[in-house]
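Secondary and tertiary structure notes
Given next are the chains, with one letter for each unit.
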Amino acid sequence: MFAEHESALKKLMSKKPSCPALITQELAASLLPGRADDSHKGSFGKALVIAGSRQFTGAASLAIQAALRSGTGLVYAAIPGSIYIPLAAGIPEAIWYVLPDKKGSIILNEKSHRFIEEKTGHFPALIGPGLGQSAGTRAFLFALLVHLFEQAPNQPLVIDADALNLLNQETNWHDRLPNQVVLTPHEMEFSRLTCIPIEEIHSNRRDLAINYAREWKQTLVLKGANTLVVSPNGDSRILPFANSVLAHGGTGDVLAGLLVGLLAQGLAPFDAATLAVWLHARAAELAREVAGPPAATLPSDIILKIGSAMNIT
């Protein structure tokens, strides 16, 4: 099935030389980090996932588990204190930072501000899955961005889900980002960020994605059928995959966790995003083969197939 997607898109692109480069299995294999037999956990970097709220505990769980499956050596998870017990009980491999919360969402106070100053900016981070959009969480997000902008501007950061929607609440938000950000909107989130109607985005995905990646000077992953990955200078790649298997809440959290884990292993943002979207899509197809129809394939099934998707060399 995956080969059929790739073949069809190659035929389409042969008529349009200006189209994005195709994300093939060969390209994905060339980007996959190596693993020497004499390596140790320190060989594969560290990732930080800041996620979750009482309402969206599952989003944090999916992102953390996907980061762990990515191959990175250590995954630190910063979550609201009210959801610590169920998450920690179910994910023994993560290292936990328990943050203060109000009504189940992270807030900015002295403790969480100290966490930002002491624990962030040292290795790649993801913020957003299931975070919620409370005023306290918004204050936390922008305090983190200020810290990274001033103290660690070149440390990679993935901004996903609720964090994208919180960005949209700030005028000229793109001027407040550090240098190595990966933005991962679906079309509705992209519409909110750009104030462009979703119908126009859907009909002009490639050009809009390229234009805004250049304007924002960041790596952009525009999710959807045939996901686009665009670098800050406008180089673009397209995924040969379009299937409703990914039309489940939570699949974006899996992608975001996988992406930050690949960044932690030293891939540049454009390449990490490229590899993440291919592995995510391939794992989804493998999961569907087990679960049955796309409607029955869940994000947690996709996580279990990430390792099989990596078996491409």
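1. With respect to the nonpolar core
Ranked by internal contacts, the top residues of the largest apolar core, which has 59 residues, are V49, I64, W96, L259, L275 and L279. Sort the elements by how many residues they give to this core and helix α12 (residues 269–291) lands first, with 13 residues. Setting aside chain neighbours within four positions, we find V49 in contact with A63, I64, A67, V75, Y76, A77, A78, L126 and V260. One finds L74, L141, A163 and W173 within the second-largest nonpolar core, a separate group that totals 48 residues.

2. What to know about the sheet that holds strand β2 (residues 46–50)
An order of β1-β12-β11-β10-β9-β8-β7-β2-β3-β4 is seen for the 10 strands of this open sheet, with the pairing classed as mixed. Edge positions in the sheet fall to β1 (21–22) and β4 (95–99), since each of these pairs with one other strand and no more. Bridging between β2 and strand β7 (residues 125–127) involves 3 bridges; their strand directions are parallel. Looking at β7, one finds that V49 is bridged to L126. Sitting on the sheet, helix α3 (residues 57–69) is in contact with β2, β3 (74–80), β4 and β7, with an inclination near 175° to β3.

3. Re the packing of aromatic side chains
Under the counting rule described, the total for this entry stands at 9 aromatic pairs. Each member of the aromatic cluster is reached from another via a ring pair, and the members are Y76, Y97, F115, F123 and F140. A cation sits over an aromatic face here: R35 above F44, 3.7 Å from the ring centre.

4. Side note on the packing of α3 against helix α11 (residues 251–264)
For any two helices packed against each other, the geometry is given by the interaxial angle and the distance between the axes. The contact between α3 and α11 brings their axes to 7 Å, and the two run at 35°. At the point where α3 passes α11, the crossing takes the right-handed sense. Between α3 and α11, the residues in contact are A59, L62, A63, A66 and A67 and D253, V254, G257, L258, V260 and G261, respectively. Taken together, the residues of the contact of α3 with α11 sort by class into 8 nonpolar, 2 polar and 1 charged.

5. Digging into the environment of G224
One can find G224 in the loop between β10 (219–222) and β11 (228–230). Placed 20 residues apart in sequence, G224 and S244 show a C-alpha to C-alpha distance of 9.8 Å.

6. Some thoughts on unusual backbone geometry
A positive phi is found at A161, a non-glycine position, where the angle reads about 55°. For A161, the position within the fold is in the loop between β8 (157–159) and α7 (162–167). Overall, the relative accessible area of 15% leaves A161 in the buried class. Of note, the phi angle at C195 is positive, near 60°, even though the residue is not glycine. With respect to the secondary-structure elements, C195 resides in the loop between α8 (187–194) and α9 (198–203). By relative accessible area, which is 70% here, C195 ends up exposed.

7. Observations regarding helix α5 (residues 110–119)
Each α-helix winds once per 3.6 residues, and so residues spaced three or four apart point in a common direction. Within the span of α5, buried status applies to S112, F115 and I116. Summarising the axial view, the buried residues of α5 lie within an arc of 95°, below the 170-degree limit, and thus occupy one face. Summarising the contacts, the buried residues of α5 are in contact with β2, β3, β4 and α6 (135–151). Put simply, N109 is the residue that caps the front of α5, since its side-chain oxygen is 3.0 Å from the backbone nitrogen of K111. Two residues or fewer after α5 comes G121, characterised by a positive phi angle close to 95°.

Reading the values: the criteria
Residues numbered from 1 in each chain as written. Predicted model: local features only at pLDDT ≥ 70, side-chain atom pairs only at ≥ 80, totals over all residues. Heavy atoms only, no water. Core = buried A, V, L, I, M, F, W, Y, C linked by side-chain atoms within 4.5 Å. Buried < 20%, exposed > 50% of the residue type's maximum accessible area, 1.4 Å probe, protein only. Helix = DSSP H or I, 4+ residues; strand = E, 2+ residues; numbered from the N terminus. Contact = heavy atoms within 4.5 Å. Pairing = 2+ DSSP bridges. Axes fitted to C-alpha atoms, helices over the stretch in contact; angles between N-to-C directions. Phe/Tyr/Trp six-rings, centres within 6.5 Å; stacked < 30°, edge-to-face > 60°. Lys NZ or Arg CZ within 6 Å of the ring centre and 35° of its normal. Left-handed = near helix turned anticlockwise from the far one by under 90°. Nonpolar A, V, L, I, M, F, W, Y, C, P; charged D, E, K, R; others polar. Arc of directions from axis to C-beta. Polar contact = N/O pair within 3.5 Å; in protein donor to acceptor, adjacent residues only side chain to side chain.

Read these as layout, nothing more, since geometry by itself doesn't imply function.
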